[in-house]
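The chain contents come next:
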Amino acid sequence: MSTCPYPLRIAVRGFTLLEVLIAVIVLSVGLLGMAGLNALSLRLGQGAQQRTHASHLAYEIGDAMRANAGYAGRYLGTHVKDCETDFIRFEGTDRDNIIEAELDEWKNRLACQLTEGQALVAENDTNEEEEANPNNLYRITICWNHQREENENIEQDKFCADNNLAGTIHFTYITFL
């Protein structure tokens, strides 16, 4: 019987250093991709939250106008205000004071919930041959600045600029009373 000078190798178990290195590289690329997607989803989520705030604010002022339909003209105009974190609503006793207090509170929420939020409430444009606003249609437009990146330079929204409002994005709600 002859003996082999080199013993037979038993099946090797485990991973080689090269296999571990490749697995770590693949894992790190995957984690970096997930971190990038997370940052993107945060930015998109913030934009969605601002659009949601804008639509709620527009619906809210539309509902207030509907509740005070006889005084809808008091709500018309451009609404601009700086955010006051310590805002206290003034409660009046007559309808004019109540509407004014309601508008002040709404304008403050507009400024606080949206970056540089501004609004225009106007009668919806009608055909000049018809009587003024026969269907009681009103247009509520909310403009605000929405930057997706910190150093991103976005042009002003054309609709906002045409209506003398500052903003890079707008939301328009048309309603009838």
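Predicted model, so just to flag it, every value in this text is computed and none were measured. (Residues numbered from 1 in each chain as written. Predicted model: local features only at pLDDT ≥ 70, side-chain atom pairs only at ≥ 80, totals over all residues. Heavy atoms only, no water.)

**Re the sheet that holds strand β2 (residues 118-123)**
Stage number 1. Pairing within the open sheet is antiparallel, and its four strands lie in the order β1-β2-β3-β4. Whereas interior strands pair on both sides, the edge strands pair on one side only; in this sheet they are β1 (77-80) and β4 (169-176). With direction set aside, neighbouring strand axes in the sheet form an average angle of 15°.
Stage number 2. As paired strands, β2 and strand β3 (residues 137-144) are joined by six bridges and run antiparallel to one another. Counterpart to Val121 in the pairing with β3 is Ile140.
Stage number 3. Sitting on the sheet, helix α1 (residues 17-67) touches β2, β3 and β4, and the angle it makes with β3 is about 150°.
Stage number 4. In the packing of helix α2 (residues 95-113) onto the sheet, the strands contacted are β1, β2 and β3, and the crossing angle to β1 comes to about 60°. (Pairing = 2+ DSSP bridges. Helix = DSSP H or I, 4+ residues; strand = E, 2+ residues; numbered from the N terminus. Axes fitted to C-alpha atoms, helices over the stretch in contact; angles between N-to-C directions. Contact = heavy atoms within 4.5 Å.)

**What about the pattern of salt bridges?**
Stage number 1. Evaluation of the coordinates by the stated rule reveals seven salt bridges.
Stage number 2. For the salt bridge of Asp63 with Arg66, the shortest nitrogen-to-oxygen distance reads 2.6 Å. With Asp63 and Arg66 both in helix α1, this residue pair falls three residues apart, about one helical turn.
Stage number 3. For Lys107, the salt bridge is made with Asp104, and the minimal N-O distance between the two is 3.9 Å. Taken together, the residues span about one helical turn, with Lys107 and Asp104 both in helix α2 at a distance of three residues. (Salt bridge = Lys/Arg side-chain N within 4 Å of Asp/Glu carboxyl O.)

**Describing the environment of Asn164**
Stage number 1. Here Asn164 lies in the loop between α3 (158-162) and β4.
Stage number 2. By relative accessible area, which is 69% here, Asn164 ends up exposed.
Stage number 3. Along the chain, Asn164 and Leu120 lie 44 residues apart, while their C-alpha atoms are 9.2 Å from each other. (Buried < 20%, exposed > 50% of the residue type's maximum accessible area, 1.4 Å probe, protein only.)

**Looking at α1**
Stage number 1. If you check α1, its first and last C-alpha atoms are 74 Å apart, about what 51 residues at 1.5 Å a residue would give, namely 75 Å.
Stage number 2. Buried within α1 are the following residues: Gly47, Gln50, Ala54, Ser55, Leu57, Ala58, Ile61, Gly62, Ala64 and Met65.
Stage number 3. Contacts from the buried residues of α1 go to α2, β2, β3 and β4. (Expected span 1.5 Å × (residues − 1).)

**Remarks on α2**
Stage number 1. Over its 19 residues, α2 runs 27 Å from end to end, which matches the ideal 27 Å to within 8%, given 1.5 Å per residue.
Stage number 2. Among the residues of α2, those classed as buried are Ile99, Ala101, Leu103, Trp106, Lys107, Asn108, Leu110 and Ala111.
Stage number 3. Where α2 is buried, its residues meet α1, β1, β2 and β3.

**Comments concerning unusual backbone geometry**
Excluding glycine, most residues fall at negative phi; most peptide bonds, likewise, are trans.
Stage number 1. With a phi angle near 55°, Glu116 is a residue other than glycine that sits in the positive phi range.
Stage number 2. Of note, Glu116 is situated in the loop between α2 and β2.
Stage number 3. The phi torsion at Asn164 lies on the positive side, around 55°, for a residue other than glycine.

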